[in-house]
Amino acid sequence: LEELPRDYNYGYIKAYWDRRPLKLFARFAEAGVKVGWYTFLLYLDEWTGNLEANRPERAVQGREMITDLGVTWIKIAQVWASRPDILPKEYIKEYEKLLEQVRPFGRDEAMETLRRSKGTDGLTALSMFDDISVFDQPVASASVGQVYKARTSGKTVAVKVQRPDVREQSTLDLYVIRNAASLGALLPFQRIATQSRSLIELLDLTAPTFITELDYEKEAANQKRFAKTVKDCDLVSETVVVPDVIFSSKEVLVQEWLDGVKLTQPGAAQQQAGKVVKLLLNSYMVQFLETGFLHGDPHPGNFILMDSGKLGILDYGLMTSITPEKRLAFIEFLMHLQARDYGLCLQDLINLEFFPAELGNDKEAIDVIVPTLRSTLATLYEEGGDLKKKQEMFAKQRAEMKASGKLDTLRTQLQEISKKYSGAFRLPPYFTLIIRAFSTLEGLGLKSDSNFAIVKECFPYIARRLITDDSFRMRNALKSYLYKGKERIAVSRIDELTSGFGQFTNLMKGSRKSAEGAGGPTVFAATTEDAVSTATGSTSASPSPRPEKLDTATTDIARVIFSPDGNFLQDLLIEEGVAAVDALSRATLLGLLRTLGPLALPVTLPLGFLLGGDASGSNSRILTRQDKESLLVIRRIVQLVRDGSRRSGAGEVSELNTTDIQGAAEDLRRLQPLADGLLPVVAPGANAFARRFATELARRLLLRVADDIESSAGFPRRTQTLAS
């Protein structure tokens, strides 16, 4: 027991520190005195009414206390620093300094670490550098280590050197905090005992990743793996930059230096923080749900906005992997949240292991949990805003339930479920770094927008996944989302889906100009692609439509719709398109004939019979409600394809008149330049799509003719079955 483990092992750590009682007692005393005195000052301010007046001073004292206590406490404060909805602004300002402005250690200690760190060739890390005077002063100093800017073989590099004795201090603090929580769990005060037990569980979940972060060789391996996933994924390969690893040991990491502006620095990055957060969140959605390898420490000091508009990501000590099964379950959960289908969220949470599987078969428990879950999720996610606002909303709901007498009943029911299923709700171990990452990102969003709603901001990735993923579960998810349990596609859902798809695709895959248009950060240096686009983008008048230069979103969705292999989205669009074109052709032709008056009656009557219309002027058989819905759907799709993510007020089905039909025809005519531009993209699958469309349209028309013939012979009409 002379050396601490490289991986978290509580039994090993306990045995190590139990053999060193003096150090253990000294740390207990130091932490107890510092935290106790600081807590006393806060209570004193509250008692004397000086809490607000003394807040700036207490914030500085709190930062200094945390710095004195060391790496474990700094790590906790770094999470708080990103949540403006938890701490007052004075504390946020001071705790942000703990991201990169922690008290540095000396040059001699850094040089000693560099001398004892050796590469595979046996040479020390120190021998790599052209000029060792750069180690006189770090450019940044964080909780685990500090960074120097150096040169090796003429190349500029970042050198990360670990703090001396950081492993010893970290394990000691974890042991001290865990022991303090164990004592708290024995107290006769239920609230304190429950919170203490929760703290023990949280420590056991988070401590392994925290200890792993102290090994720079593992961090280097994570960084190389992450770089490969970025390179192999076209959704982030043009947006995210991972620095190359040049050297690594347990305590030293040398990597490529990335030029740009960190989010912790004042200037352009902070001025457009909301746009940077949008880019960040979408890149994290790809990591989380596409590649399954997630960067777990997204504080502002770990991101660089480069001149090209790309995002450089640093610090790969905290990473987590998500299995394909869990990724699909999270997509379904987020889709149900966006659609406000809260009743389906319970099964999602069971799939994600937040609830035990047996709960899904317990009807009595479901009847209790689902309404509560619906209310909770609606409060958390339907509107943006910070945690304090949510707490106020929950407090109001609690007061209303108490006044009505429902609170005690619900509490009793939930306690019975908890006993029956051993706690019922639990935080899965795999989710700890995920919740830390997205909680930090949400905090960054709230700094730039107090109404930031993270589920809404996550939806663009979900929209693209629903459209492009043709797997069985995603087919079901797409159908559920679009149809809302009805027979026809909901127009509002098409709006949301297409808008999200366009925003995500142009932001993450488009040119820099397209990315800016999709809400991304401003580019500091124009790319060659954008320069060419600008040079060729003149709008001189032309008597005939010219092929348009298409954005990435339009091209990508065309590849899906006109895939020669076919897919579920293609099936849905053909089904809806056939119904709409059928409605459009009948209505347009009969409407035109009616304008001729009695002179056209000999022609109108037989055509009305064959096409299912009524020449008398009644619209009751010209357009069924389902026809109206289909025509409205197709118009919305056409408008969104042409106008990108511009939203209109289309919603519920309205009465269609000649103007609507003419408008649909006009929309289709305006698509010609787009169609010309898409020709190289869609050519392989366009013919197959057209054949399928024509076959289905002919089948529908023949069935309608047969339906009219049978109706004229006295048989019941089959209109409802034909439209399905």
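About the thresholds
Residues numbered from 1 in each chain as written. Predicted model: local features only at pLDDT ≥ 70, side-chain atom pairs only at ≥ 80, totals over all residues. Heavy atoms only, no water. Helix = DSSP H or I, 4+ residues; strand = E, 2+ residues; numbered from the N terminus. Contact = heavy atoms within 4.5 Å. Pairing = 2+ DSSP bridges. Axes fitted to C-alpha atoms, helices over the stretch in contact; angles between N-to-C directions. Phe/Tyr/Trp six-rings, centres within 6.5 Å; stacked < 30°, edge-to-face > 60°. Buried < 20%, exposed > 50% of the residue type's maximum accessible area, 1.4 Å probe, protein only.

(A) Seen up close, the side chain of D297. Mapped onto the secondary structure, D297 falls in the loop between β8 (293-295) and β9 (303-305). For D297, the contacting residues outside a window of four places in its chain are K75, E213, N302, D315, L318 and R436.

(B) Broad picture of the sheet that holds strand β2 (residues 145-152). The antiparallel open sheet is built from five strands, whose spatial order is β1-β2-β3-β6-β5. Each end of this open sheet is capped by a strand with a single partner; those strands are β1 (140-141) and β5 (245-248). Across five bridges, the pairing between strand β3 (residues 155-162) and strand β6 (residues 252-256) is antiparallel. Looking across to β6, one finds that A158 is bridged to Q255. The strands touched by helix α7 (residues 107-116) are β2, β3 and β6; relative to β3, the strand with the most contacts, the crossing angle is about 100 degrees.

(C) Expanded view of the packing of aromatic side chains. Within this structure, the stated rule accounts for 19 aromatic pairs. On the basis of an interplanar angle of 50 degrees and a centroid distance of 6.4 Å, the ring pair of F226 and F293 is categorised as tilted. Of the two residues, F226 sits in helix α10 (residues 216-232) while F293 sits in strand β8, which places them 67 residues apart along the sequence. You'll find F226 and F293 in the same group, each marked buried.

(D) Here's a closer look at unusual backbone geometry. Its identity as a non-glycine residue notwithstanding, S153 has a phi of 55 degrees, on the positive side. On the secondary structure map, S153 appears in the loop between β2 and β3. Exposure remark for S153: the relative accessible area of 72% places this residue in the exposed category. You will see that D315, though not glycine, has its phi angle at about 70 degrees, which is positive. Here D315 is to be found in the loop between β10 (311-313) and β11 (319-321).

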